[in-house]
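Structural description and commentary
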Amino acid sequence: MDSKEMNFSGNIEANWKSWKQRLSLYLLASNKNTCSDETKTAILLTLLGEEGINIYNTFTEKQIYDEKKVPIFQKVIAAFDEYCLGKKNIVFERFNFLKYKRQHGQSLENFITQLKLLAASCEYGQLTDSIIRDQIIINTSDVVLQEQLINKSDLSLEKTIEILKQSENVKHQIEIINKGEKEESEYSHVDAIKRKNKYNTNKNKVTQANFHCSRCGTQHPARSCPAFGKQCKKCAKPNHFANVCQSNKMVQEIADEECADEECAAINSLFGVSEIIVPQTHSIQQPWFEEIKVENNYIRFKLDTGSQVNLIPLNAYKTLNINKSWNSTTIKLEAYGGYKFMPLGSIRLKCVVNNIMAWVTFLIINNSTIPILSLEACEKFNLIKRHEKCISMITQCTSQKDNFLIDNSSIFKGMGTFPGEHTIKINPNSQGSIKPARRLPQTLYKDVQVELNKLLKHKIISKVEEPKEWASNLVIIRKPDKKLRLCIDPSELNKSLK
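In this report, the structure presented in the accompanying data block is examined. (Residues numbered from 1 in each chain as written. Predicted model: local features only at pLDDT ≥ 70, side-chain atom pairs only at ≥ 80, totals over all residues. Heavy atoms only, no water.)

1. Considerations on the overall build of the protein chain
Using the following cut-off: Helical segments are the DSSP runs of H or I of at least four residues, strand segments are the runs of E of at least two, and each set is numbered from the N terminus. Accessibility here uses a 1.4 Å probe with only protein chains present; expressed as a share of the type maximum, an area under 20% marks a residue as buried, one over 50% as exposed, and anything in between as partly exposed. The contact criterion used is simple: two residues touch if any of their non-hydrogen atoms lie within 4.5 Å. Residue exposure ignores everything except the shown protein chains as possible cover, and the areas themselves are Shrake-Rupley values with a 1.4 Å probe.
Counting secondary structure elements, the protein chain contains 16 helices and 12 strands. Counting over 498 residues, the protein chain shows a buried share of 30%. Sequence-distant contacts in the protein chain: of pairs separated by 6 or more residues, those separated by 24 or more amount to 57%. As displayed, the protein chain offers around 33,900 Å² of accessible surface, 52% of which is attributable to carbon and sulfur atoms.

2. Thoughts on the pattern of salt bridges
Note the following rule: In what follows, salt bridge is the name for a side-chain nitrogen of Lys or Arg lying within 4 Å of a carboxyl oxygen of Asp or Glu.
This structure, assessed with the given rule, holds 10 salt bridges. Among the salt bridges present, the one from aspartate 134 reaches arginine 133, with a minimum N-O distance of 3.0 Å. Residue classification places aspartate 134 among the partly exposed positions, given a relative accessible area of 33%.

3. Comments concerning helix α15 (residues 442–457)
Side chains three or four residues apart in an α-helix point the same way, a direct result of the helix having 3.6 residues per turn. Test applied: Residue count minus one, scaled by 1.5 Å, sets the expected span of a helix.
Its 16 residues place the ends of α15 24 Å apart at the C-alpha level, agreeing with the 22 Å of an ideal helix rising 1.5 Å per residue. Looking only at α15, the buried set comprises Leu444, Val448, Glu451 and Leu455. Phi turns positive, to about 60°, at lysine 459, one or two residues after α15.

4. Examining the pairing of strand β4 (residues 297–303)
Which entries qualify depends on this criterion: At least two DSSP bridges between two strands are required for those strands to pair.
Of the strand pairs in this sheet, strand β3 (residues 289–294) and β4 are connected by 6 bridges, and their pairing is antiparallel. Among the inter-strand pairings, glutamate 290 is bridged to a residue of β4, identified as phenylalanine 301. Hairpin remark: β3 followed by β4, antiparallel, with 2 residues in the connecting loop; positive phi at glutamate 295, about 55°. Pairing analysis gives 2 bridges linking β4 to strand β10 (residues 372–373), with the strands arranged parallel. The partner of leucine 303 across the bridge, within β10, is leucine 373.

5. Topic: unusual backbone geometry
The phi dihedral of asparagine 321 is positive, around 55°, even though this residue is not glycine. Here asparagine 321 is to be found in the loop between α12 (314–318) and β6 (333–334). With a phi angle near 60°, lysine 459 is a residue other than glycine that sits in the positive phi range. When you line up the elements, lysine 459 lands in the loop between α15 and β11 (473–478).

6. Notes on the packing of helix α1 (residues 12–29) against helix α5 (residues 73–84)
For the record, the criterion: Geometry is summarised by axes, namely lines fitted to C-alpha atoms with helices restricted to the contacting stretch, and by angles between N-to-C directions that run from 0 to 180 degrees. Any angle from 65 to 115 degrees is called roughly perpendicular, while one under 35 is roughly parallel, one over 145 is roughly antiparallel, and all others are oblique. A crossing counts as left-handed when the near helix is turned anticlockwise from the far one by less than a right angle, and as right-handed when that turn is clockwise. Only Asp, Glu, Lys and Arg are considered charged, only Ala, Val, Leu, Ile, Met, Phe, Trp, Tyr, Cys and Pro nonpolar, and every remaining residue, Gly among them, polar.
Between α1 and α5, the shortest axis-to-axis distance is 9 Å and the interhelical angle comes to 160°. Relative to α5, α1 is oriented roughly antiparallel. α5 is crossed by α1, and the crossing has left-handed handedness. Counted together, Ile12, Glu13, Trp16, Lys20, Leu23 and Leu27 of α1 and Phe73, Ile77, Phe80, Asp81 and Cys84 of α5 form the full contact between these two elements. Here the residues of the contact of α1 with α5 are counted per class, giving 8 nonpolar, no polar and 3 charged.

7. Brief notes about the packing of helix α7 (residues 108–120) against helix α8 (residues 128–138)
As a packed pair, α7 and α8 sit with axes 10 Å apart at the nearest point and diverge in direction by 140°. When the interaxial angle is binned, α7 and α8 end up oblique. Between α7 and α8 lies a crossing whose hand is right-handed. Touching Phe111, Ile112, Leu115, Lys116 and Ala119 of α7 are Thr128, Ile132, Gln135 and Ile136, all from α8. Looking at the contact of α7 with α8 residue by residue, the classes come out as 6 nonpolar, 2 polar and 1 charged.

8. Considerations on the environment of alanine 227
Along the chain, alanine 227 falls in the loop between β2 (219–220) and α11 (262–271). With relative accessibility at 0%, the residue alanine 227 sits in the buried group. Residues alanine 227 and alanine 242, 15 residues apart in the sequence, show an inter-C-alpha distance of 9.8 Å. Ignoring any residue separated from it by four or fewer positions in sequence, one finds alanine 227 in contact with Arg215, Cys216, Asn239, His240 and Phe241.

9. So, the packing of aromatic side chains
Selection rule: Put simply, two rings from Phe, Tyr or Trp (the six-membered ring, in Trp's case) pair if the centres are within 6.5 Å, and we call them stacked under 30 degrees between planes, edge-to-face over 60, tilted for the rest. A positively charged side chain is recorded as over a ring if its NZ (Lys) or CZ (Arg) lies within 6 Å of the ring centre. The angle to the ring normal must also be within 35 degrees.
Applying the stated criterion across every chain yields a total of 9 aromatic pairs. Each ring, one from tryptophan 16 and one from tryptophan 19, has its centre 5.9 Å from the other, and the planes form 20°; the classification is stacked. A residue pair is termed a helical-turn pair when its members lie 3 or 4 positions apart in one helix, as tryptophan 16 and tryptophan 19 do in helix α1 at 3 residues. Across the pair, exposure class does not vary: tryptophan 16 and tryptophan 19 are buried alike. An aromatic cluster is defined as three or more aromatic residues linked by ring pairs; in this entry it consists of Trp16, Trp19, Tyr56, Phe59 and Phe80. Just above the ring of phenylalanine 289 sits the side chain of arginine 300; from NZ or CZ to the centre is 4.0 Å.

10. A few points about the environment of phenylalanine 97
Relative to the assigned elements, phenylalanine 97 resides in helix α6 (residues 90–99). As for phenylalanine 97 and glutamine 114, which are separated by 17 residues in sequence, their C-alpha atoms are 9.1 Å apart. Apart from the residues lying within four places of it in its own chain, the contact partners of phenylalanine 97 are Leu115, Leu118, Ala119, Cys122, Tyr124, Ile131, Ile132 and Gln135.

11. What about the nonpolar core?
Worth spelling out the cut-off: Note on terminology: a nonpolar core comprises buried Ala, Val, Leu, Ile, Met, Phe, Trp, Tyr and Cys residues joined through side-chain atoms within 4.5 Å.
Of all hydrophobic cores here, the largest spans 27 residues; its most connected members are Val294, Ile312, Tyr317, Phe362, Leu373 and Phe381. Sorting the residues of this core by element identifies β3, β4, α12, β8 (345–353), β9 (356–365) and α13 (375–380) as the ones contributing at least two each. The residues touching isoleucine 312, leaving out its near neighbours within four places in the chain, are Ile299, Tyr317, Leu320, Phe362, Leu363, Ile364 and Ile365. Formed by 22 residues, the second largest nonpolar core is a distinct cluster that contains Met6, Ile12, Leu23 and Phe59.

12. A short note on a nonpolar patch on the surface
Here is the rule we go by: Patch construction takes residues with relative accessible area above 30% that form no salt bridge. Like charges are linked within 9 Å, and nonpolar side chains (Val, Leu, Ile, Met, Phe, Trp, Tyr) are linked within 5 Å.
On the surface, a nonpolar cluster with roughly 420 Å² of combined accessible area is contributed by Phe404, Leu405, Ile411 and Phe412. Among the secondary structure elements, phenylalanine 412 is positioned in the loop between α14 (388–407) and α15.

Right, here's the structure in full:
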């Protein structure tokens, strides 16, 4: 028998029933059930532990001894039954049952067994099976299967378990089939474009000193920025990545962030692509849609060359009426406006368009957005065409602009001033206007003081200590780089200008 002592804390009734069962099996297996009552009692007390012996010593002689003051084994068992049975908190037992969730990697059979063990001490009576059934359905991760189970009437516990087992077996079989197809397809065609790391191809080459680059957000040697020639997915301007962009302008619906963590790197390796040229007839103002046959149904997709993943809403997925179940995924999506969310899962579906058939991986999302076909899928179905010559011309123009800025950097340094002076002329009949000072938030006080001192130092403004006819309010603007821009509100002054 396991040397584990009896636990007299928590659910004492359940602990005692389990421990007593293991004791009976031990005595039977070791042929000690035929021993004398005194011997079996000694075995029981030895295995019970110190706390069990202390409880035994509280029993009266009438409870455990015979006329010769020899312990009777069955009386000892009965005394412990009287002590342990009934000592449980029903509310706490039901709390433990209701909060129990299926763990990651836990088999369905083990999960159901644990639920039944926990429910045994809850005293649900005739409702036990129905409550266990409800907990199983609530803990089902497959949303489509969960909906099917909820919609079934007169669903018993046995039928629920049967459906779940069948579903998990089908999932496992599909994974094996798809795994075999994937291994075979690797020798015949390419399903994904992986981005090469062109900066570490020569390991024996002496590396230059790295510095932190503000255009890509990473560290690399000089003239080796991966953002050079690339277009920002946030503001659509060249030569920097979206994660370091200082503009508030956003583009298109779905885009992956350029980042160095493992999850983003996994997304880039699966869906990373180069730049493309979109035909003029399909601009951002006029979305491009295409009817695509998915499995045996037609779905209208938006062709989004800015997206690196294929998206299908849950309501569109349900219209396919297929028995496939999706797989879990760790990919995170970022929607228009910077909102991040997790898809429900991923699934490979057979798609046909322009007489071209291909297996496409879709991410299933739980909202009513428009189905989206990514850049990679658009190229696979010949819906768009890459114009390398145009890309080369655009990159060359961008390079010429950057070279001009570098060669004439002195022009763009400092505050910059126009030559000469300008005098503002006011109508003689105009009356001066002095606006009361607006309240300044305490959180901005120090930053405003620093900016005012900076403007005074560069002689952009000057301090006035005598009364004036005109005084405009201060306007404070927080720039994208978190610095302040100080302006005035000359609305009253403008009304009086000649």
